[in-house]
Every structure is written in structure tokens, then in C-alpha cells.
Amino acid sequence: MSYVDEVLELVKKKNASEPEFLQAVTEVLNSLRPVVEANEELYKKNAILERITEPDRQLMFRVPWVDDKGQVQVNRGFRVQFNNAIGPYKGGLRLHPSVNLGIIKFLGFEQIFKNSLTSLPIGGGKGGSDFDPKGKSDREIMAFCQSFMTELCKYIGADVDVPAGDIGTGAREIGFMFGQYKRIRGMFEGVLTGKGLTYGGSLARTEATGYGLLYLTEELMKCHGESMQGKTVVVSGAGNVAIYAAQKAQQMGAKVVTCSDSTGWIYDPEGIDVALLKEVKEVKRARLTEYAAARKSAQYHEVSAADRGGAGVWQIKCDIALPCATQNELLIEDAKQLVANGCKCVCEGANMPTTIEATEYLQNNGVWFVGGKAANAGGVATSALEMSQNSERLSWSFEEVDAKLKGIMVNIYHNIDDAAKRYGMEGNYVAGANIAGFEKVVNAMLAQGVC
Ligand code: NDP
Ligand code: 2IT
């Protein structure tokens, strides 16, 4: 049995109840086969694959808080510090009722390779809670965030582990958590990213994941003799990543015709009105029904969460599809529909939105497919730029950060393209990303000995 297969079996046995984690590990290890085969003796002796698939530590803790009725509520908090070979643990905090240890482990594992691809010194980690922010008052959100940070603050720090936003965690939540960290630790330091601009946040961090996704997509199109101009784009999600992906795509001359949330999706043949979407989602924190009510050209399709939220967007004819909501939202039947409709390019704004089966179908049918580790790395890259600004106690202009972000995304595209070519897999950007991300981490692990 090959070393990769041995470790895959071991990981499956040890983590049998964590399907998303197993999915992420399976995809990565399978695509690393040529690299591992070329160095099998060295990697096996040093147990590189066993070590990279086992978190440094995983923290789970109780988060008690008091709701507006005076009732005590209890949630479960998580932080998985996966690998710090190339820098402090770095990754977001997800607040969503579906969060469990397996979800956080899959996200933390992905983050190791993504963060390596940014070329910046950040290791991989992820955290969150099964807390559901929907329908909670600002006071309830604050109560939860303060309690969550009261425990988490023991394990993080500007040079240790630097959390940030993810699903359900935006500027409001980061603000409450930062306040609590400062209060307990008595220290004003860059311990979180995605902070407000008045207390150490970076310009362009809010936009960074969506903008970065489009910078990479544009470079990919350019290298295939195409451009974004006049292209029809379908986007899923209606949160931070989706909104700024839609905005940048439109700035590049494309028409974005869909968005979605967990209860419905919009088809707007005139093009999504991003200002209206921002008002509905960022200001009112409302459902997409409000977008539809305010916009004549919008067609609203209600779907229950059990029907996979916004999966209907993949039925719409497009040139480019950008899944920006959540994991496993683009299945094999969606991939077939996209191909049948002539879609040429899929780039993932979300983490692991496409199943392995759907990914292979798209790749085998000539679709240019870039996975989230490369395509959505702009968010964490800009978080690392926020850390740099905090360290030097300066803040850079929007233009400066945005230009750096663009440079990073263009560079990522070429690195993953080159890595795929080096191993005879031209055009397989999934393998290219996993290989390029892995190479840097493995070199650092080998140099640092058994730890
Ligand atoms: P937000 O919370 O801002 O938005 C998430 C969006 O996805 C919402 O529209 C939400 O709908 C929808 N959604 C979430 N869960 C589900 C579900 N189970 N079924 C259907 N729809 C769902 O999160 P982000 O935009 O920040 O994150 C989106 C994705 O991008 C995630 O995979 C995240 O890990 C990834 N990502 C985020 C980065 C960042 O910087 N924020 C960086 C890199 C990746 P509803 O409101 O109804 O729940
Ligand atoms: O998935 C991700 O890369 C994020 N949620 C962003 C992490 C970060 O530290 O900015």
C-alpha cells in the first residue's frame, strides 16, 4: 500500500464521524500523490502526512450567556490550532448552528494550505461555535461574544493565534470579541483581524475575499485569452464574500444575475443591484425577500434549508459560476447543469462548496476550476496585511492594500498553474494549489524537526 493510502486509511479510522474533514483530507492527499511518491522515504520516516492531518491541539469549551428573557443559554465553542510551521495560527471563527468539531477541523486543515499559498507567514487554524446569530439582539450577540472570548483569550495572541471572521462573524462580532480580549488580558494588540477601522482594522479587509476571488478569476480568464467583460456570472450566497465578489465582477464589466441565502435565491436578469443587496444584508440583516420586494426585475425563489438553500442558482445559464455560501452546496447534478449550460469557469469563494464528485465532473468536462484554497485566499491574505500594519502601528491606504491583494492573487494563480505543470497535470488547479501550498509547509516542518 502506498504511503498516501496508508495515511488515508488511518485518518478515516481515527476521524470516522467527521465527513467534511475526511472529504478535505481525501482531496488534498490524493492530489499530493506525485509529490509524496517523489519523496516517499523522507516523508514517511518523518511522518509528515500523519503530522499534517493531526491538529496541534483542538480546544472545545462551554459558552454560557444570558438571553434577553433572562434565560441562560449554553453553546459549544471551538478553536482548532492545526499547524504553525510557517507562522502563528490564522483563520476565522464561524458562528452557525451546523458547527461541530469535524467542520472546524476541515476548515482548519484547508487553512494550512491556503495560508501558505498567500506567501505570507501564517499557519492554519479555525474556530467558532454552534451559536446561531440569526434573530438575536445586539445585546445577545455581545453577551455571547464576551463569553466566547472569556475562554478563548487564554489560548490566542498576536504572535500565537489570530482569529478573524467567517460565516456569522463580521465586524460587529469581532468588535465585541476584541473589547473583551483587551479587558481581560489588559493588552491592545492585533489579536483579531477584520477589526473596525478606528481600532486597528485594515482598509479593504471587508472587500478582500470577494475582490481577491475576482482578481484571480480575471487572471485565469486572461491567461485563456478571455476577459470578464460581458460575461454572465452566477453567484451563490449573499454574505460578505458574495456581496464583494458581485461588486468587483460588475466593476470588471460582467453581469451578475443571482445570489442566495439559506431560505431562497434571486434571479435578477438585469443584474444584481449590489447597493440594494448591501442595504438588505449588511444594514437591515434581512432576508432576500426584501431585495425582491424592492426590485422589480428580481425573481425570488423560496427554498427550505433542507432543499440546500440557494442550489437553484446553478440552473441559470452562465459563463462563470462563483459559489460563495458554504460547503457542499454544488453537487454533481449542479455540475452537470452548469456544463450543459456552457459554463466555462468555476472559482470557489466559499470553503469546499463543491463536492469531490462535482469537482471531477467539471474538470473532466473542460471547465476551468479553481478551489477555495487558492481562489478565496484574498481574505486571509489581507488579514495578514492587517497584522503587518498592526505590528508597525501604521495603516495603509485602500489603494495600497488593494494593490497588494491583487498582486497576491495574480501570484497565487501563476504559482498553482506552475505547480500543476511541474507535475504533469496542466490545468488541474486543485492539484496545483494543494502541491504549492504543501511544499512550503513541508519544508518548514522538516527544518524544525519532530514537533
Ligand atoms: P456570511 O455569514 O457573511 O454569509 C454567508 C452566506 O451564505 C449567507 O448568505 C448565508 O445565508 C449563506 N449560507 C450559510 N450557510 C448556509 C447553508 N447551510 N445553506 C445555504 N446558505 C448558507 O459568510 P461569508 O460570506 O464570510 O462566508 C461565506 C463562505 O466563504 C464560507 O464558506 C466561508 O468559510 C468562506 N470564506 C469567508 C472568508 C471571509 O473573509 N469572510 C474568507 C474565505 C472564505 P443565511 O444568511 O440565510 O444563513
Ligand atoms: O476561510 C477563511 O480564509 C476566512 N474565513 C478568513 C480567515 C482570516 O483569518 O482572515
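No experiment lies behind these values; they were computed from the predicted model shown.

> Mind showing me how you'd approach the pairing of strand 8 (residues 258-261) here?
Remark: a regular strand shows side chains that alternate across the two faces of the sheet. Every second residue of strand 8 is oriented toward a common face, with Thr258 and Ser260 on one face and Cys259 and Asp261 on the other, all of them buried. Strand direction decides the pairing type here: strand 8 and strand 9 (residues 264-267), joined by four bridges, are antiparallel. Residue pairing for strand 9: Asp261 is matched across the bridge by Gly264. The hairpin turn running from strand 8 into strand 9, its antiparallel successor, is two residues long.

> How do you make sense of a nonpolar patch on the surface when you look at a structure like this?
A surface patch of nonpolar side chains, about 250 Å² in accessible area, is lined by Val66, Val72 and Val74. Along the chain, Val72 turns up in strand 2 (residues 72-83).

> Would you mind going over helix 16 (residues 377-392) with me for this structure?
A turn of α-helix holds 3.6 residues, and therefore any two residues three or four places apart point the same way. The end-to-end C-alpha separation of helix 16 is 23 Å, in line with the 22 Å expected for 16 residues at 1.5 Å each. Immediately downstream of helix 16, the backbone of Arg393 shows phi near 50°, a positive value.

> Looking at this structure, I do not really get the sheet that holds strand 3 (residues 89-95). What am I missing?
Pairing between the strands of a sheet comes from backbone hydrogen bonds, and it takes one of two forms, parallel or antiparallel. Judged by pairing direction, the sheet is mixed, and its five strands sit side by side in the order 1-2-4-3-5 without closing on themselves. Each having just a single partner strand, strand 1 (57-66) and strand 5 (161-164) make up the two edges of the open sheet. Strand-to-strand twist of the sheet, defined as the mean angle between neighbouring strand axes without regard to direction, takes the value 20°. Here six bridges tie strand 2 to strand 4 (residues 123-129), and the two strands are oriented antiparallel to one another. Looking at strand 4, one finds that Val80 is bridged to Lys126.

> Got a minute to help me understand the site of ligand 2 in this structure?
With respect to spatial proximity, 14 residues lie near ligand 2, and among them Lys90, Gln111, Lys114, Asp166 and Ser383 are the closest. Arg205 places a polar side-chain atom, nitrogen or oxygen, 3.0 Å from an oxygen atom of ligand 2. At a separation of 3.0 Å, an oxygen atom of ligand 2 approaches a polar side-chain atom of Asn351. Secondary-structure elements contributing two or more residues to the shell around ligand 2 are strand 3, helix 6 (101-117) and helix 16. Across the shell around ligand 2, the residue classes break down as two nonpolar, seven polar and five charged.

> Whenever I open this one, the site of ligand 1 confuses me. Can you help?
Near ligand 1 there are 25 residues, and of these Asp166, Thr209, Ser262, Arg287 and Asn351 occur at the shortest range. In the environment of ligand 1, an oxygen atom lies 2.9 Å from a nitrogen or oxygen atom belonging to the side chain of Arg94. A total of 900 Å² of accessible area belongs to ligand 1 in isolation, and the protein chains cover 85% of it. Put simply, the parts of the chain that give the shell around ligand 1 at least two residues each are helix 9 (205-223), helix 10 (240-251) and strand 8. Grouping the amino acids of the shell around ligand 1 by side-chain chemistry returns six nonpolar, 12 polar and seven charged.

> I tried to follow the environment of Gly190 on my own but got confused; where do I start?
Structurally, the position occupied by Gly190 is in the loop between helix 8 (171-185) and helix 9. As for Gly190 and Val162, which are separated by 28 residues in sequence, their C-alpha atoms are 7.7 Å apart. Those residues in contact with Gly190 that sit more than four places away from it in its chain are Ala158, Val162, Lys195 and Asn390.

What counts and what doesn't
Residues numbered from 1 in each chain as written. Chains lettered and ligands numbered in written order. Predicted model: local features only at pLDDT ≥ 70, side-chain atom pairs only at ≥ 80, totals over all residues. Heavy atoms only, no water. Buried < 20%, exposed > 50% of the residue type's maximum accessible area, 1.4 Å probe, protein only. Helix = DSSP H or I, 4+ residues; strand = E, 2+ residues; numbered from the N terminus. Pairing = 2+ DSSP bridges. Patch = residues over 30% accessible without salt bridge, like charges linked within 9 Å, V, L, I, M, F, W, Y side chains within 5 Å. Areas by Shrake-Rupley, 256 points an atom, 1.4 Å probe, with all protein chains shown as cover. Salt bridge = Lys/Arg side-chain N within 4 Å of Asp/Glu carboxyl O. Expected span 1.5 Å × (residues − 1). Axes fitted to C-alpha atoms, helices over the stretch in contact; angles between N-to-C directions. Near = heavy atom within 4 Å. Polar contact = N/O pair within 3.5 Å; in protein donor to acceptor, adjacent residues only side chain to side chain. Nonpolar A, V, L, I, M, F, W, Y, C, P; charged D, E, K, R; others polar. Contact = heavy atoms within 4.5 Å.

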